[in-house]
Amino acid sequence: MILWLWLCWGFSTSAGQPDSELMARYLEEELMADYSIMEQVARRVPRQAKFLQRLETRPRMSEFTVKSTIISRYAFTTVSCTMVNSGSEAREAVFEMQIPAAAFISNFTMSIGNKTYYGEVTGKEKKHNSDDKARHKKPPSPRDGRENGYETFKASVFIPRKMQAKFLLHYEELLQRRLGKYEYTVSIRPQQLVGRLRVEVNILENSGIVSLEVPPLRNSKHKGNGKVEGDVSPPPSTVVGHTKTLAKVTFNPSVVEQTRIARNGILGDFIIRYDVNRELSVGDVQILNGYFVHYFAPTDLPPLPKNVVFVLDSSASMVGTKLKQTKEALFTILQDLRPEDHFNIIGFSNRIKVWQQDRLVPVTPNNIRDAKKYIHNMSPTGGTNINGALQTGAKLLNDYIAQNDIDARSVSLIIFLTDGRPTVGETQSSKILSNTKDAIRDKFCLFTIGIGNDVDHRLLERMALENCGMTRHFQEDEDAASHLKGFYDEIGTPLLSDIRVDYPEDNVEQVTQNFFPNYFNGSEIIIAGKLINRTSDSLHVEVTASNSKKYILLKTDVAIDLPSRNDIRGVPGLEDGKGDKNYIERAWSYLTIKELLNSRLKSDDNQEKDYLMEKAKSMALTYNFVTPFTVLKMREAGLHSEPPQEEFISPSTDGIGEKLQSLQGHKAPPGIRRQQDKQRIKISKTSADGDPHFVIDFPSSKFSICFNIDGEPGDILRLVSDHKESGVTVNGQLIGAPAPPNGHKKHRTYFSTITILSNKPERSYLEITPKRIILDDGERLLLSCDRSAIVRSSSLEVSISANSNITVTIRDTISFVILIHHYKKPAPYQRDHLGFYISNSKGLSSVSHGLLGQFLNHEVKLLQESLNTSHQQVGQNQTEALQPNPTNTLKVKGRLIPVVWKQRRIYNGQQEVDCWFAKNNADKLIDGSYKDYLASHPFDTGNSFGTINSL
């Protein structure tokens, strides 16, 4: 039979039909027929194709579709893949997709036959020290099943016979501008020819699209070089169309066209490069739904002078192609140095060799010639003294800066290249990091380059992050010379230094990084944040920086009332983008999470690292982002009583973390009971709600006291602090809002987040906002506030009444109720917020503290001052007879506090409370002052003033 098949193909070839094209046509016929069978449409299949079908052992891919929407540089990508098992038994199908390392997965779904599975993300558990030690025994590798700049997402399933499986993967990324272009890349590597293959990319840029190009498909060996040589025409079947602000690019190759590109189904990377129009000198500020993103990329500025030291690895491991390509790249880079630049070269192995001792030399023809000779004569030998080389380079640059009258606005930097790990001198990564940071002292930036698989990528990445630089990693089989030259081109033309972008503090909050040491030509600075004052007509923006001629200050007022300009509804090609309408908010969350991850990577403080991890994890769960701190789990769709089905599912993300979805439409985890009716709750008057207004009820004395706290947006207040005894802590974080017209306050504040922590009998915490609840008691769970549910564990119960309240019960002796305040049409001074009420405090100790907790086990006496200035205690039966009197006084722990009679509304305004009001931020009423109750972060369990702990 095999010989017969060969003869058939040989006969066809002799008839004049090319072998590969004929095979492709037969296979296309076969694939389309198989796809049509699924739709009950008959079609003739050639006998050769039927024979190939019998030989085929893996499910065939009938459809591979990528659809992307890019809105203001923010890309939403959906990958759809259908695999068909036409065999007589179940077969394993593997869905594999390379995605950019900078992207976050935001959703994943699988349909296998008549079953559908959804990806849910839960927080990764922190590994024990023993696990960490075991992990660190094996140095981390930047590949881990991925290629340079890309990571591999993989999911494998078994498809029953005569059935199909469909995979749906969503991921998001913020495109970075390099060498004057944004580059969007889709990996097309289905590893087999596909009957229906289509890529569709829609781009919306309100600033205007000024250039758009689609180069040929790029294979892995050329990945990342950013340049295309030879043929620059788009791939076959590519259609490009665009207007001033919209572009649509499609790639729809037939099986025959796929075969001409690659018969193994590994077509390569489909690339789109474009840039946008830039009119405002201060940049492009876009605002939508209370969030803003600011793109700053000035052009037509004179370059800054550079003081650069090249530190090059010449150890024995660089022998061969790596050193040859490094030399080739350096020859070109030296030729590109400008006359106003200064430079030096250091080669290192066991020994440190400096080309020009104790100085940097100007760029002259003779110096460039001599430098090329020095590089040409470098030979690979010995070990790798990374610490010594960096110390030498930093000292060289520091001494040059200190001893020479250099231009204050010049940019100094070290470019460091290695292919290995430290083997000589100091070899401990932590010591190398601290030594490098101490040597550089924030005076200049360090840019690192790693070549090959043996390099300590994490060390190079952290060295660059800690010293305001960037890092790149290239594989040995790639064109290193092109990569090195491309990386230098990114940083070789500094245009500005010490860039700072400022906005009015009372208009914005939670702004991402706004100070940048350098701005390089062809790149872009991006800042995002949230608006506090949405009623303002404009947002004031100031950019300060230095360039080669002068110190510059750019100012402008950006109109806020531009909803139609940034609203994408009704835009052709973007009609089905659901989450895309919040693209500015998602860009802000993307940037914030990236900064948290980088900050954690740079930190040496375990408490700070834990806080940054929890903050990044919380935000990732809120926005359905895959991060290194979350784990993807697959659950079968639908609500059932039995445990979620996980058979035949083994998703793997090869180091990129995993992602989350809400419980809507999914199987409810064990312990959750849905409730349709609002619960009847019983709570006391003791509360913190509204602006915030505090009420303390004393049932035995038959009166209540109240006070206000005039905090600042972002403040985190300690409400209940009993960590050492009962193990319970409650903190509340404030958000700001403008004050009502003619009010006496400069602004209003509300509780945006309530964090409840408990460490007895086991660790658990709750983070509650008006929209969602994060519960972590060993397993992380995300619950939506708009769906009723109950979650119970051995010591904790959380009961949600949809859009109304959340009741938290700890060990049946402590109960808190959190009211949810939503506004359908909020006034400018209103914000969705939370109210905190104490329902049961029996389980709290007598030494509990906090703004509310300190009063739970203490009596307060009410006194009334008589005419002869003696004090008269008010009995229980006299309280109701008291008239408003400015001389009424409270006695608290020996302190006398003047109070006045007031009425307060609580429970969403449904009940009035008569109370004695203490003025001046509860001065003398509370222990200490207001500032003593500020927590350093939401998970701070400090019990006494000045004490900070973390759960």
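Residues numbered from 1 in each chain as written. Predicted model: local features only at pLDDT ≥ 70, side-chain atom pairs only at ≥ 80, totals over all residues. Heavy atoms only, no water.

### What to know about the overall build of the protein chain
So, point 1. The helix and strand inventory of the protein chain stands at 14 helices and 49 strands.
So, point 2. Split into buried and exposed, the 951 residues of the protein chain put 54% on the buried side.
So, point 3. Across the protein chain, contacts joining residues at least 24 apart in sequence account for 69% of those joining residues at least 6 apart.
So, point 4. Entry remark: accessible area of the protein chain is about 42,000 Å², with carbon and sulfur atoms responsible for 48%. (Helix = DSSP H or I, 4+ residues; strand = E, 2+ residues; numbered from the N terminus. Buried < 20%, exposed > 50% of the residue type's maximum accessible area, 1.4 Å probe, protein only. Contact = heavy atoms within 4.5 Å. Areas by Shrake-Rupley, 256 points an atom, 1.4 Å probe, with all protein chains shown as cover.)

### Concerning the pairing of strand β44 (residues 833-840)
So, point 1. With seven of eight residues buried, β44 is to be regarded as a mostly interior element.
So, point 2. When strand β31 (residues 687-689) meets β44, the two strands line up antiparallel, connected through two bridges. Bridge assignment links S687 to a residue of β44, and that residue is Y837. (Pairing = 2+ DSSP bridges.)

### A few points about the state of the cysteines
So, point 1. The full count for this structure, using the stated rule, is two disulfides.
So, point 2. A disulfide bridge connects C445 with C468, and the sulfur atoms are separated by 1.9 Å. On the sign convention where negative means left-handed, the S-S torsion of about -105° between C445 and C468 marks this disulfide as left-handed. Pair noted here: C445 is in strand β22 (residues 445-451) and C468 is in the loop between α10 (457-466) and β23 (471-474), with a separation of 23 residues, a long-range link. (Disulfide = S-S within 2.5 Å.)

### Let's talk about the sheet that holds strand β8 (residues 177-178)
So, point 1. Read across the open sheet, the four strands follow the order β8-β9-β14-β11; overall the sheet is antiparallel. The sheet is open, and its two borders are formed by β8 and β11 (209-213), each paired with just one other strand.
So, point 2. Relative to strand β14 (residues 268-276), β11 is paired through four bridges, and the arrangement is antiparallel. Paired with L212 across the bridge in β14 is Y274.

### A closer look at the sheet that holds strand β10 (residues 196-204)
So, point 1. Pairing is mixed in the open sheet, where nine strands are placed in the order β12-β13-β10-β1-β2-β7-β4-β5-β30. Pairing within the sheet leaves two strands with one partner each, and these edge strands are β12 (238-242) and β30 (630-636). Here the strands of the sheet are splayed against their neighbours by 15° on average, with no regard to which way each runs.
So, point 2. By the bridge criterion, five bridges tie β12 to strand β13 (residues 246-251) in an arrangement that is antiparallel. (Axes fitted to C-alpha atoms, helices over the stretch in contact; angles between N-to-C directions.)

### A closer look at the pattern of salt bridges
So, point 1. Counted by the stated rule, this structure contains 34 salt bridges.
So, point 2. When the shortest N-O distance is used, the salt bridge between E490 and R472 registers 2.8 Å. Residue E490 is found in helix α11 (residues 480-491), and its partner R472 is found in strand β23; the two are separated by 18 residues along the sequence.
So, point 3. Given the relative accessible area of 13%, E490 is considered buried.
So, point 4. Within this structure, R73, R177, E205, D275, R278, D284 and E524 form a network of salt bridges that share partners. (Salt bridge = Lys/Arg side-chain N within 4 Å of Asp/Glu carboxyl O.)

### Details of the environment of S784
So, point 1. Secondary-structure assignment places S784 in strand β39 (residues 780-784).
So, point 2. On a C-alpha basis, the gap between S784 and I800 in space is 8.8 Å, while along the polypeptide they are 16 residues apart.

### Examining the confidence of the model for the protein chain
So, point 1. Looking at the protein chain as a whole, its pLDDT mean stands at 79, while 76% of the residues score no less than 70.
So, point 2. This stretch, residues 639-680, has a pLDDT under 50; its non-local contacts, to residues over four places away or in other chains, come to 128 contacts. (pLDDT = per-residue confidence, 0-100.)

### Quick look at helix α14 (residues 606-622)
So, point 1. Taking 1.5 Å per residue, 17 residues should reach 24 Å; α14 reaches 24 Å between its end C-alpha atoms and fits that length.
So, point 2. Every buried residue belonging to α14 is among L612, M613, E614, A616, K617, S618, M619, A620 and L621, and all of these are buried.
So, point 3. For α14, the side-chain oxygen to backbone nitrogen distance between the N-cap and Q607 is 3.2 Å, and the N-cap itself is D605.
So, point 4. Looking one or two residues beyond α14, the residue adopting positive phi is N624, at roughly 55°. (Expected span 1.5 Å × (residues − 1). Polar contact = N/O pair within 3.5 Å; in protein donor to acceptor, adjacent residues only side chain to side chain.)

### With respect to the packing of aromatic side chains
So, point 1. One pass over the structure, following the stated rule, counts 24 aromatic pairs.
So, point 2. Against the face of Y295 rests R73, its NZ or CZ located 3.9 Å from the ring centre. (Phe/Tyr/Trp six-rings, centres within 6.5 Å; stacked < 30°, edge-to-face > 60°. Lys NZ or Arg CZ within 6 Å of the ring centre and 35° of its normal.)

### A closer look at unusual backbone geometry
So, point 1. With an omega of 0°, the peptide bond running from D691 to P692 counts as cis.
So, point 2. Locating P692 in the fold gives a position in the loop between β31 and β32 (693-698).
So, point 3. Note that the residue after K760, namely P761, is joined by a cis bond; omega there is 0°.
So, point 4. Position of P761 relative to the elements: it lies in the loop between β36 (747-758) and β37 (764-768).
So, point 5. One non-glycine residue with positive phi stands out, namely D812, at about 60°.
So, point 6. Mapped onto the secondary structure, D812 falls in the loop between β42 (805-810) and β43 (814-821).
So, point 7. One non-glycine residue with positive phi stands out, namely A922, at about 60°.

### A short note on the environment of I203
So, point 1. With respect to the helices and strands, I203 occurs in strand β10.
So, point 2. Taking the relative accessible area as the measure of exposure, I203 reaches 1% and is therefore buried.
So, point 3. With 134 residues separating them along the chain, I203 and T69 place their C-alpha atoms 6.0 Å apart.
So, point 4. With near-sequence residues (within four places) excluded, I203 lies in contact with I70, I209, L212, T245, L246, A247, I272 and Y274.

### Considerations on helix α9 (residues 429-440)
So, point 1. Here α9 is 12 residues long and its end C-alpha atoms lie 16 Å apart, about the 16 Å a rise of 1.5 Å per residue gives.
So, point 2. Residues of α9 that are buried: I432, L433, T436, A439 and I440. The buried side chains of α9 occupy one side of the element, clustering within an arc of 135° when seen end-on.
So, point 3. Looking at the residues trailing α9, positive phi occurs at R441, about 55°. (Arc of directions from axis to C-beta.)

### Some details on the packing of helix α6 (residues 321-336) against helix α7 (residues 365-376)
So, point 1. Packing of α6 against α7 brings their axes to within 10 Å, and their N-to-C directions diverge by 170°. The angle between the axes of α6 and α7 places the two elements in the roughly antiparallel class. Residues K327, L330, F331, L334 and Q335 of α6 pack against I368, A371, K372, I375 and H376 of α7.
So, point 2. Grouping the constituent residues of the contact of α6 with α7 by class yields six nonpolar, two polar and two charged. (Parallel < 35°, antiparallel > 145°, perpendicular 65-115°, else oblique. Nonpolar A, V, L, I, M, F, W, Y, C, P; charged D, E, K, R; others polar.)

### Quick notes on the environment of S410
So, point 1. Along the chain, the position of S410 falls in the loop between α8 (386-403) and β21 (411-418).
So, point 2. What makes S410 buried here is its relative accessible area of 13%.
So, point 3. When the C-alpha positions of S410 and S546 are compared, they lie 9.4 Å apart, and in sequence the two are 136 residues distant.
So, point 4. Once residues within four sequence positions are removed from consideration, S410 is found in contact with P305 and N307.
So, point 5. At 3.1 Å, the side chain of S410 forms a polar contact with the side chain of N307.

### Thoughts on the side chain of T471
So, point 1. Mapped onto the fold, T471 is located in strand β23.
So, point 2. A polar atom in the side chain of T471 sits 2.8 Å from the side chain of T448.
So, point 3. In this view, T471 contacts T448, L460, E461 and A464; residues no more than four positions away in its chain are not counted.

### A few points about the packing of α9 against α10
So, point 1. Running from amino to carboxyl end, α9 crosses α10 at an angle of 25°, the nearest separation of the two axes being 10 Å. By the criterion of interaxial angle, the relationship of α9 to α10 is roughly parallel. Helix-helix and strand crossings are classified by hand; for α9 and α10 the assignment is right-handed. Residues S429, I432, L433, T436 and K437 of α9 pack against L459, R462, M463 and E466 of α10.
So, point 2. Grouping the amino acids of the contact of α9 with α10 by side-chain chemistry returns four nonpolar, two polar and three charged. (Left-handed = near helix turned anticlockwise from the far one by under 90°.)

### Thoughts on the side chain of R60
So, point 1. When you line up the elements, R60 lands in strand β1 (residues 60-71).
So, point 2. Engagement of the side chain of R60 in a polar contact is seen with the side chain of S86, the distance being 3.2 Å.

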